[in-house]
Amino acid sequence: MSLPLVGISLGDVSGIGPEVTAGALARPAVRRALIPVVFGDGPTLERFPLFRRYARVELAALGRVESPTVVEVTRLNEAERVPGKPSRVGGRAQFAFITRAIEAMREGHVDALCTAPVSKEQISRAGIPFMGHTEVLAEAFGADVLMMMDGPRVRIALATNHVPLSSLSSLLTVEKLVAQLKLLSRSLEPVVGRKPRIAVLGLNPHAGEGGLLGREEVEVIGPAIRRARAAKVDAHGPLPADGLFARPDDIAGRYDAVLAMYHDQGLIPAKALDFERTVNVTLGLPVPRTSPDHGTAYAIAGKGEASCVPMVEALLKAAQLAAVGSRGARPGPRRPSPRR
Ligand SMILES: NC(=O)c1ccc[n+]([C@@H]2O[C@H](COP(=O)([O-])OP(=O)(O)OC[C@H]3O[C@@H](n4cnc5c(N)ncnc54)[C@H](O)[C@@H]3O)[C@@H](O)[C@H]2O)c1
Ligand SMILES: N[C@H](C(=O)O)[C@H](O)COP(=O)(O)O
């Protein structure tokens, strides 16, 4: 069986993206699982001996490449790619890597996408409106998507992503929550082999305490759960977030996934439980997309301190999703970490 082609956008050249990508692609487990196609900056990649062995092609000539390949999107000057010192030009470049990788996804040149971390702030400073990969991919594919952190102990999806906390109440609607619960349920069903049990968190302290501490649970989240259940989604809640995460080891036995209402409510426990092995998966796309759960980490960029394990996990997950032909971005089954 041929290995899946996994497109990799290199992320911010001043962050840890290039070094964790190089480190991960050097791992035998990754080499055995996929053929990488890296969308990035020529001179940045040339810093790593690994990439000198890669074929270089233009996007138009990508076709069905059969060996590790680089699509050189930019050739940045030295001052524009200093580790730890992000630049405006670097901001534009990281967005260009994503755009080029999305074109390759659309044209069927890659079987999955794994994105190295970008800086939303630097891309925005370069004059490009950008909230996150998830939002850009949703727009590019005209799809309703869900960000899901897939960790060894718990899967946590988000009802809202990169939005100000002050807007949460108006963004949570019964219709959107029902659609998200259906997407989560249908994405996980082939993985768990039955209707997944989904825990739905409340928005307010103590899930609103019966309306005393907020009305969203009574007026929006509760009705959405009931409507989703009527549509055969095995959803439960609204549950108090602190209570659920107080006993994280009990979650896997009771629920297959958690739907959190906002970014930090879901990502703090996901990252705290396992920062290295939690993978960001975008559900709802025609081509699977993954990312490590970390960011650009400027303070350690170029110092050899960054762990490439999160990138290894994100690449293996992308390959796994592509290999099962899960064009609906199904997350993979729970598995022990492979020996590397
Ligand atoms: N996938 C993505 O594109 C993505 C994900 C998260 C954050 N971000 C962006 O990254 C930027 C910085 O975000 P942040 O500071 O909140 O988070 P961060 O993940 O960059 O850093 C958080 C902490 O974890 C450490 N860290 C991160 N990755 C590590 C690794 N591989 N090995 C060892 N230590 C590591 C950092 O040094 C820091 O102490 C922001 O602009 C944010 O938008 C991007
Ligand atoms: N919310 C993610 C995290 O903190 O890990 C991160 O910002 C990446 O989001 P995108 O995949 O949408 O870029």
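Provided above is the structure to which this section pertains.
How each quantity is defined
- Residues numbered from 1 in each chain as written.
- Chains lettered and ligands numbered in written order.
- Predicted model: local features only at pLDDT ≥ 70, side-chain atom pairs only at ≥ 80, totals over all residues.
- Heavy atoms only, no water.
- Near = heavy atom within 4 Å.
- Polar contact = N/O pair within 3.5 Å; in protein donor to acceptor, adjacent residues only side chain to side chain.
- Areas by Shrake-Rupley, 256 points an atom, 1.4 Å probe, with all protein chains shown as cover.
- Helix = DSSP H or I, 4+ residues; strand = E, 2+ residues; numbered from the N terminus.
- Nonpolar A, V, L, I, M, F, W, Y, C, P; charged D, E, K, R; others polar.
- Domains from an automatic or database assignment.
- Phe/Tyr/Trp six-rings, centres within 6.5 Å; stacked < 30°, edge-to-face > 60°.
- Buried < 20%, exposed > 50% of the residue type's maximum accessible area, 1.4 Å probe, protein only.
- Lys NZ or Arg CZ within 6 Å of the ring centre and 35° of its normal.
- Pairing = 2+ DSSP bridges.
- Salt bridge = Lys/Arg side-chain N within 4 Å of Asp/Glu carboxyl O.
- Contact = heavy atoms within 4.5 Å.
- Axes fitted to C-alpha atoms, helices over the stretch in contact; angles between N-to-C directions.

S.K.: Before we go on, may I ask you to explain the site of ligand 1 in this structure?
M.R.: The environment of ligand 1 is made up of 16 residues, and the closest members are S291, H294, G295, A297 and S307. Side-chain polar atom of K120 to an oxygen atom of ligand 1: 3.2 Å apart, as the coordinates give it. Bound to the protein, ligand 1 loses 63% of the 830 Å² it would expose on its own.

S.K.: Sorry, what's going on with the site of ligand 2 here?
M.R.: The local shell around ligand 2 holds 14 residues, among which K120, H133, T134, H263 and R289 are the closest. Residue H263 places a side-chain N or O atom 2.9 Å away from a nitrogen atom belonging to ligand 2. In isolation ligand 2 exposes 350 Å². Once the protein is present, 90% of that is buried. Those elements giving two or more residues to the shell around ligand 2 turn out to be α7 (133–141), β6 (146–150) and α13 (263–273). Its residues placed into classes, the shell around ligand 2 shows three nonpolar, six polar and five charged. Two domains each put at least three residues into the shell around ligand 2: domain 1 (1–140 + 284–340) and domain 2 (153–273).

S.K.: Would you mind going over the packing of aromatic side chains with me for this structure?
M.R.: When we look at a pair of aromatic rings, we describe it by the centre distance and by the angle of the planes. As enumerated under the stated definition, the model contains three aromatic pairs in all. Taken together, a centroid distance of 6.2 Å and an interplanar angle of 85 degrees make the contact between F48 and F51 edge-to-face. F51 matches F48 in its accessibility class, with the two residues each being buried. Look at F95 and F130: their rings are 6.0 Å apart centre to centre, the planes differ by 80 degrees, and that puts the pair in the edge-to-face class. Of the two residues, F95 is situated in helix α5 (residues 88–106) and F130 in the loop between α6 (120–125) and α7; the sequence distance between them amounts to 35 residues. Here F130 falls in the buried class, since its relative accessible area comes to 5%. In textbook terms, an aromatic cluster arises when at least three aromatic residues are bridged by ring pairs, as seen for F48, F51 and Y54. One residue, R106, lies across the ring of F141, its end atom 5.5 Å from the ring centre.

S.K.: Please explain the pairing of strand β12 (residues 289–292) as it appears in this structure.
M.R.: Along any regular strand, the residues point their side chains to alternate faces of the sheet. The alternating pattern of β12 places R289 and S291 on one face and T290 and P292 on the opposite face, and all of these are buried. Pairing between strand β5 (residues 112–115) and β12: two bridges, direction parallel. The residue bridging L113 from the neighbouring strand is R289, located in β12. The antiparallel pairing of strand β11 (residues 279–283) with β12 creates a hairpin that spans five residues between the two strands, and G284 there sits at a positive phi of about 105 degrees.

S.K.: Would you mind showing me how to read the pattern of salt bridges here?
M.R.: Opposite charge on two side chains allows them to pair when their charged atoms are near. Tallied over the full model, the rule gives 16 salt bridges. Note that R75 is salt-bridged to E46, the shortest N-O span being 3.3 Å. Taken as a pair, R75 in the loop between β4 (69–74) and α5 and E46 in helix α3 (residues 42–46) lie far apart in primary sequence, 29 residues in all. The partly exposed category is assigned to E46, whose relative accessible area is 30%. Among the salt bridges present, the one from R155 reaches D150, with a minimum N-O distance of 3.7 Å. Take D150: its relative accessible area is 3%, and that puts it in the buried class. Sharing partners across several salt bridges, the network here consists of E46, R56, E72 and R75.

S.K.: Explanation requested: the sheet that holds strand β7 (residues 155–158) in the structure shown.
M.R.: Pairing between sheet strands relies on hydrogen bonds along the backbone, with the strands arranged either parallel or antiparallel. With mixed pairing, 12 strands are arranged side by side in an open sheet as β3-β4-β2-β1-β5-β12-β11-β6-β7-β10-β8-β9. Each having just a single partner strand, β3 (55–56) and β9 (234–239) make up the two edges of the open sheet. Alignment of β3 against β4, held across two bridges, turns out to be parallel. Note on β4: the bridge partner recorded for A55 is T69. The sheet strands contacting α13 are β6, β7, β8 (197–201) and β10 (257–260), and the helix crosses β7 at an angle near 160 degrees.

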